[in-house]
2 protein chains.
Amino acid sequence: MASERGAEPVPGDGAAARDGAAAENRAAAENALGYWRAGRARDHAEFELFFRRCPFGGAFALAAGLRDCLRFLRTFCLRDADVQFLASVLPPDTDPAFFEHLRTLDCSGVTLRALPEGSLAFPGVPLLQVSGPLLLVQLLETPLLCLVSYASLVATNAARLRLIAGPNKRLMEFGLRRAQGPDGGLTASTYSYLGGFDSSSNTLAGQLRGVPVAGTLAHSFITSFLGSEVPPDPMLAPAIGTGPRVDLTTSVKVWLERVCAHLGLGMQEPHPGERAAFVAYALAFPRAFQGLLDSYSVQRSGLPNFLGVALALGELGYRAVGVRLDSGDLLQQAQEIRAVFRTTATRFQVPWLEFIPITVSNNIDEEELARLAQEGTEVNAFGIGTSLVTCPRQPSLGCVYKLVSVGGQPRMKLTEEPEKQTLPGSKAAFRLLDSAGFLLLDVLQLAEEPPPQAEKELKVWPLGARDPCTVKPARVEPLLRRWLHKGQLCEPLPSLAESRAFAQWSLNRLSPAHKQLQSPAPYQVALSEQLRALVDRLSARGAP
Amino acid sequence: MASERGAEPVPGDGAAARDGAAAENRAAAENALGYWRAGRARDHAEFELFFRRCPFGGAFALAAGLRDCLRFLRTFCLRDADVQFLASVLPPDTDPAFFEHLRTLDCSGVTLRALPEGSLAFPGVPLLQVSGPLLLVQLLETPLLCLVSYASLVATNAARLRLIAGPNKRLMEFGLRRAQGPDGGLTASTYSYLGGFDSSSNTLAGQLRGVPVAGTLAHSFITSFLGSEVPPDPMLAPAIGTGPRVDLTTSVKVWLERVCAHLGLGMQEPHPGERAAFVAYALAFPRAFQGLLDSYSVQRSGLPNFLGVALALGELGYRAVGVRLDSGDLLQQAQEIRAVFRTTATRFQVPWLEFIPITVSNNIDEEELARLAQEGTEVNAFGIGTSLVTCPRQPSLGCVYKLVSVGGQPRMKLTEEPEKQTLPGSKAAFRLLDSAGFLLLDVLQLAEEPPPQAEKELKVWPLGARDPCTVKPARVEPLLRRWLHKGQLCEPLPSLAESRAFAQWSLNRLSPAHKQLQSPAPYQVALSEQLRALVDRLSARGAP
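If you look chain A up in an unreviewed UniProt entry, it shows as Nicotinate phosphoribosyltransferase from Dipodomys ordii. Its UniProt record gives chain A the following Pathway (unreviewed entry) comment, quoted word for word: "Cofactor biosynthesis; NAD(+) biosynthesis; nicotinate D-ribonucleotide from nicotinate: step 1/1." Turning to chain A, the UniProt annotation filed under Subunit (unreviewed entry) states: "Homodimer."

See below:
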């Protein structure tokens, strides 16, 4: 959907916010001026973006947001209006040459290494390594954090829900209305899909990102019908062949009588407005008819009305595609509904009716999903909104963006809070695997060190441990790939669907102990001897 | 910052997401087709947007997001690409006339009533009333929910933090990097300001929305300096007058020696890189010099370095504007720093030094803010990011958008979960006040009823209570204003700053018992006798 100009005179609002990820930071502009004034704007610097703790009490995260970062970096520039605004908030005596410098900024000098989207990510392992002119790469801090943190968080959240649901249940993202504005919703839909969901209700995510879209009936659609409405054209042709068109309203009435007799209900019990709504929907979507059962009473109204319409459609060769429940005890109702489907399928000899998918929604979180997806459940699909999109268990990943080298010299932040220390130097990262193909640990080392070798013993220093350990990997994989070199894309980004498949493949290589959602065994990230020695040296010097 | 086109071929990505709030919903498109097929697309309908429970365990919320809704509604349309995409996901045999209908949609038939932004909002009281053609206003559901829910949630969160901090502390929003993408950040900055914050670090919020922007130094700015750097021009002119320029580096060295002597530190203790960074920043911002004290040791490095630079600047007539702490025990350090400021101010006879504002940041939530803002604290300003922007205590307001009438007939959702019932009919809402000007309760009644009158006893039915009560208000205020009539703006929207002031004024009229953040006295919302009778009638009929 489009827009010309908003209600307020705000040129380019939003377009800038997203496409340019213009998300800028006053502090960044001030720091930029500081660098410029110190003659250091073009010093070569490298930053790393990483997190310090896995989200949600788990032992893994999924890396995501790279496609948005690349889109941002490749188009980054400061427009005249942006520079003018910065000039208006910086001191009036700021050297005009500084603003001229800002006008020339783009990412033609920036190199980006990153974990591929959908990779497993662990504390301290860089999701991004960004290098280029100091002033510029410092300026990128907030936009990149903003683009990576939430994307990775929601992808991880989706992956956890997928682990709980197992591979065969359908997971549908319903969270647009709970997102931080429409654009937050687009991010949520995109990266929920990457993390393992099957679809989104957000058509924009389909249109712009290729996420499969799926939605269902709204309660207000149903309550908008009284039952006295007459469809302008109640006639429906059979699904296949050229049989005569049938008046669906009449046919539904006939079937509803049979259904009520079978279920021991009075014909006046099912709500006529609900039935009219179902018929209207069936006329619009004969091949995709579905029922939302709980606008009135599920057992006395929603279910018989659904069955009446589904059986009338069935007579014409159409199969209803599902029902949805949005209130009450979802598990118990699903079992009851399946039982009714079974007896009705037998009674009317329509075997497919037994297997109509049951979708449930309504505040489903990890615990409720575990209950609903347990062995023997009759629930086939889940619509999850709030607890997916807002990540209530931990609404922020807490990524940081830290300077690791300037002019080829390693830098380190040595604070009084040891947890906030950083790992200095330009680094490489490797994943070591055992002979069964499971992940052993990740190793961070200096960029210039030779990579660890398969089948060779390696002494490393696990983060947070006092002593080194030795490890003999069956395989070694480099983790970071170069996506952007001096502003040029080095290789095409996988499609979203490919990244989604890669995420599931990656998770399959993580051992169950690390994959556990509560109190998992922490996955180890370790430093090479050389990196560890550098940390010790800089710490002892008490200096960056 | 600008963008031409992203890394992926996604035309209009983002621009659409925000400006058009294109946030669309597959379900909505399907329901739209259902209405259309039922010949009901143009039935006149009214929806209400409201929440059922106040967020964060409090007894109030602030209404926000109206400016975004108006911008969205006034520019709403479906572009060719949008309609084509919908056509691609709807059944192939969908009547082409339906898509023609979609192409003609705009909000020229839509009327919007709403609480002014910054109003106190309570459960069940509509934040928005949207009326117009059924198909269209149903289609608006998700975008409007998306634009109002998070805006109101974050404004309420900001208002709670403001209540804790009191009116005189500075509250700075630092949350961009924790938002759901850059646009979520823009929403967060805008409505945090509306809710009572003083500024944002997000320059885009300044540029597009007029939010005051304020930022501070970054740790990486400081750790990027080793101390061996030579500023290209270390000379600084005095603040006023025409005295000779002074070499700031040299002057800082002289002052640092005095400071170290005063504090009993060795000259080698303060970090030379940190000092070089402070000097670079002071050269760039002599009138706005501030120090970030905790890149190394606060007491042995950050503080003496800051004092050296501040005193050197002071000699030239410049006053440092603040220091910031971002780790450790913020309260205790603030007290210690103020003590050092005091003795140093006395020692060197620079009285202003004593009052330099101390800003703290680092995971400040409501509890920590209460501790840091307590009586006698030396903290003057707070930078709050994650816990403001992500609303971890309750990351979703849970607004709903419910049909209340079609064709002038009231509609009601009667579900088996009583909590999910809706209040039928087109309504008016009034706020009753006592003689001291405090809020008594809100009354919902049918639109056609005469308004309650001041000084006249009124019998009402509080929501959730079994029995009616009588109330005699000293004043009665209508709550909902008409902003849009048949697509035309009826009155100009107040500026963001005006809405911010209105929010604080509104909060001042709420009694302390309702304003309490934990276990407050719930504020009552009541139904008029006529509305209550309608609810009873429809419930008994078991019908919409």
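Following the structure, the description resumes.
Draft legend 1. Expanded view of the overall build of chain A. Secondary structure summary: chain A contains 19 helices and 23 strands in total. Dimensions of chain A, computed from the C-alpha atoms along their principal axes, are close to 85 × 60 × 40 Å. Across chain A, contacts joining residues at least 24 apart in sequence account for 73% of those joining residues at least 6 apart. When the accessible area of chain A is evaluated, it comes to approximately 18800 Å², of which 52% is carbon and sulfur surface. One finds the centroid of the 54 positive side-chain charges in chain A at a distance of 3 Å from the centroid of its 54 negative side-chain charges.

Draft legend 2. Region of the structure containing the sheet that holds strand β1 (residues 44-50) of chain B. All names here are of chain B. Here seven strands make up an open sheet; going across it, the order is β15-β14-β1-β5-β3-β21-β22 and the pairing antiparallel. Of all the strands in the sheet, just β15 (409-410) and β22 (488-489) have a single pairing partner and so form its edges. Pairing between strand β21 (residues 481-485) and β22: two bridges, direction antiparallel. Residue pairing for β22: H485 is matched across the bridge by Q488. Its contacts with the sheet put helix α7 (residues 141-165) on β1, β5 (128-133) and β14 (400-406), and the angle it makes with β14 is roughly 130°.

Draft legend 3. Representation of the UniProt feature "domain: Nicotinate phosphoribosyltransferase C-terminal" (unreviewed entry) in chain A within the structure. What UniProt calls "domain: Nicotinate phosphoribosyltransferase C-terminal" (unreviewed entry) maps, in this numbering, to residues 427-534 of chain A. Helix makes up 21% of residues 427-534 of chain A and strand 35%, whereas the separation of the span's terminal C-alpha atoms amounts to 12 Å.

Draft legend 4. Spatial organisation of the packing of helix α4 (residues 80-89) of chain A against helix α5 (residues 96-104) of chain A. Residues and elements named next belong to chain A. Running from N to C, α4 and α5 point in directions that differ by 150°, and their axes come no closer than 10 Å. Overall, the two elements α4 and α5 adopt an arrangement that is roughly antiparallel. Here the hand of the crossing between α4 and α5 comes out right-handed. From α4, D80, V83, L86 and A87 reach across to α5, where they touch F99, L102 and R103.

Draft legend 5. Representation of the packing of helix α3 (residues 66-75) of chain B against α7 of chain B in the model. All names here are of chain B. One can describe the packing of α3 onto α7 by two numbers: an axis separation of 8 Å at closest approach and a directional angle of 155°. As the angle between them shows, α3 and α7 are arranged roughly antiparallel. Here the hand of the crossing between α3 and α7 comes out right-handed. Counting all contacts with α3, which are made through D68, C69, F72 and L73, the residues of α7 involved are P143, L144, L147 and V148. When grouped by side-chain class, the residues that make up the contact of α3 with α7 number seven nonpolar, no polar and one charged.

Draft legend 6. Layout of unusual backbone geometry. Residue and element names in this part refer to chain A. At N362, a position not held by glycine, the phi torsion is positive, near 120°. When you line up the elements, N362 lands in the loop between β12 (358-361) and α15 (366-372). With a phi close to 50°, N363 is a non-glycine residue in the positive phi region. As for its position among the elements, N363 is in the loop between β12 and α15.

Draft legend 7. Examining empty space enclosed by the protein more closely. Taken as a whole and judged by the stated rule, the model has twelve cavities of 30 Å³ or more. For the largest cavity, the calculated volume is near 80 Å³. Lining of the largest cavity is provided by 13 residues; of these, Q180 and T390 of chain A together with Q180, T390 and P395 of chain B occupy positions nearest its centre. Here the residues of the lining of the largest cavity sort into seven nonpolar, four polar and two charged.

Draft legend 8. Helix α12 (residues 272-284) of chain A, seen in detail. Residue and element names in this part refer to chain A. An ideal rise of 1.5 Å per residue puts 18 Å on 13 residues; α12 measures up with 18 Å between its terminal C-alpha atoms. Counting buried positions over the 13 residues of α12 gives twelve, a clear majority of the element. Among all positions of α12, only G273, E274, R275, A276, A277, F278, V279, A280, Y281, A282, L283 and A284 are buried.

Draft legend 9. Representation of the pattern of salt bridges. Residues and elements named next belong to chain A. This structure, assessed with the given rule, holds 58 salt bridges over all chains. Between R162 and D198 there is a salt bridge, with its nearest N and O atoms 2.7 Å apart. One end of the pair, R162, is in helix α7 (residues 141-165); the other, D198, is in the loop between α8 (181-195) and β7 (199-200), and 36 residues separate them in sequence. Given the relative accessible area of 7%, R162 is considered buried. One network of salt bridges, with partners in common, ties together R160, E366, E367 and R393.

Draft legend 10. Focus on the sheet that holds β7 of chain A. Residue and element names in this part refer to chain A. In spatial order, the strands read β7-β6-β13-β12-β11-β10; together these six strands make up an open sheet with parallel pairing. Here the strands that pair on one side only, and so sit at the sheet edges, are β7 and β10 (290-292). Pairing of β12 with strand β13 (residues 381-384), which is carried by three bridges, proceeds in the parallel orientation. The residue of β13 that forms the bridge with V360 is F382. Packed on one face of the sheet, helix α14 (residues 330-348) meets β11 (322-325) and β12 and runs near 160° to β12.

Draft legend 11. Local environment of the UniProt feature "domain: Nicotinate phosphoribosyltransferase N-terminal" (unreviewed entry) in chain A. The UniProt record annotates "domain: Nicotinate phosphoribosyltransferase N-terminal" (unreviewed entry) at residues 34-149 of chain A. Here residues 34-149 of chain A is 41% helix and 18% strand, with 27 Å between the C-alpha atoms at its ends.

Draft legend 12. View of the state of the cysteines. All names here are of chain B. Scanning all chains against the criterion turns up zero disulfides over all chains. C107 takes part in no disulfide bond, and the closest cysteine sulfur to it belongs to C77, at a distance of 9.6 Å. Relative accessible area serves as the criterion here: at 5%, C107 is assigned to the buried category. Of all cysteine sulfurs, the one in C399 lies closest to C391, which takes part in no disulfide; the gap is 12 Å.

Draft legend 13. Region of interest: the confidence of the model for chain A. Counting all residues, the mean pLDDT for chain A is 90, and 94% of those residues have values of 70 or more. Residue range residues 1-23 of chain A is modelled with pLDDT below 50. Its contacts to residues more than four positions away, or to other chains, number 83 contacts.

Draft legend 14. Molecular detail of the environment of P494 of chain B. Residue and element names in this part refer to chain B. Along the chain, P494 turns up in the loop between β22 and α17 (496-508). Sequence separation between P494 and G408 is 86 residues; the distance between their C-alpha atoms is 32 Å. Setting aside residues up to four positions removed in sequence, P494 forms contacts with R67, W483 and S499.

Draft legend 15. Spatial organisation of the packing of aromatic side chains. Evaluation of the coordinates by the stated rule reveals 30 aromatic pairs over all chains. Plain terms: the ring middles of F221 of chain A and Y281 of chain A are 6.1 Å apart, the flat faces sit at 75° to each other, and that makes the pair edge-to-face. Separated by 60 residues along the polypeptide, F221 of chain A in helix α10 (residues 219-223) and Y281 of chain A in helix α12 bring together distant segments of the chain. Residue class for Y281 of chain A comes out buried when judged on its relative accessible area of 0%. Relative to Y401 of chain B, the ring of F47 of chain B has its centre 4.7 Å away and its plane inclined at 15°; by these criteria the two rings are stacked. On the criterion of sequence distance, the pair formed by F47 of chain B in strand β1 and Y401 of chain B in strand β14 is long-range, its members being 354 residues apart. Taking the relative accessible area as the measure of exposure, F47 of chain B reaches 0% and is therefore buried. Taken together, the aromatic side chains of Y35 of chain A together with F221, F225, Y281 and F285 of chain B make up a single cluster linked through ring pairs. One cation-aromatic arrangement involves R258 of chain A over W255 of chain A; the distance from NZ or CZ to the ring centre is 4.3 Å.

Cut-offs and rules
Residues numbered from 1 in each chain as written. Chains lettered and ligands numbered in written order. Predicted model: local features only at pLDDT ≥ 70, side-chain atom pairs only at ≥ 80, totals over all residues. Heavy atoms only, no water. UniProt positions renumbered as here; feature names shortened; annotations may be inferred. Helix = DSSP H or I, 4+ residues; strand = E, 2+ residues; numbered from the N terminus. Contact = heavy atoms within 4.5 Å. Areas by Shrake-Rupley, 256 points an atom, 1.4 Å probe, with all protein chains shown as cover. Lys, Arg positive; Asp, Glu negative; His and termini not counted. Charge placed at Lys NZ, Arg CZ, Asp CG, Glu CD. Pairing = 2+ DSSP bridges. Axes fitted to C-alpha atoms, helices over the stretch in contact; angles between N-to-C directions. Parallel < 35°, antiparallel > 145°, perpendicular 65-115°, else oblique. Left-handed = near helix turned anticlockwise from the far one by under 90°. Nonpolar A, V, L, I, M, F, W, Y, C, P; charged D, E, K, R; others polar. 1 Å grid on protein atoms, 1.4 Å probe; cavity = no way out; pocket = protein on both sides within 12 Å on 5 of 7 lines; lining within 4 Å. Points joined across faces, edges and corners; volume = space filled by probe spheres on them. Expected span 1.5 Å × (residues − 1). Buried < 20%, exposed > 50% of the residue type's maximum accessible area, 1.4 Å probe, protein only. Salt bridge = Lys/Arg side-chain N within 4 Å of Asp/Glu carboxyl O. Disulfide = S-S within 2.5 Å. pLDDT = per-residue confidence, 0-100. Phe/Tyr/Trp six-rings, centres within 6.5 Å; stacked < 30°, edge-to-face > 60°. Lys NZ or Arg CZ within 6 Å of the ring centre and 35° of its normal.

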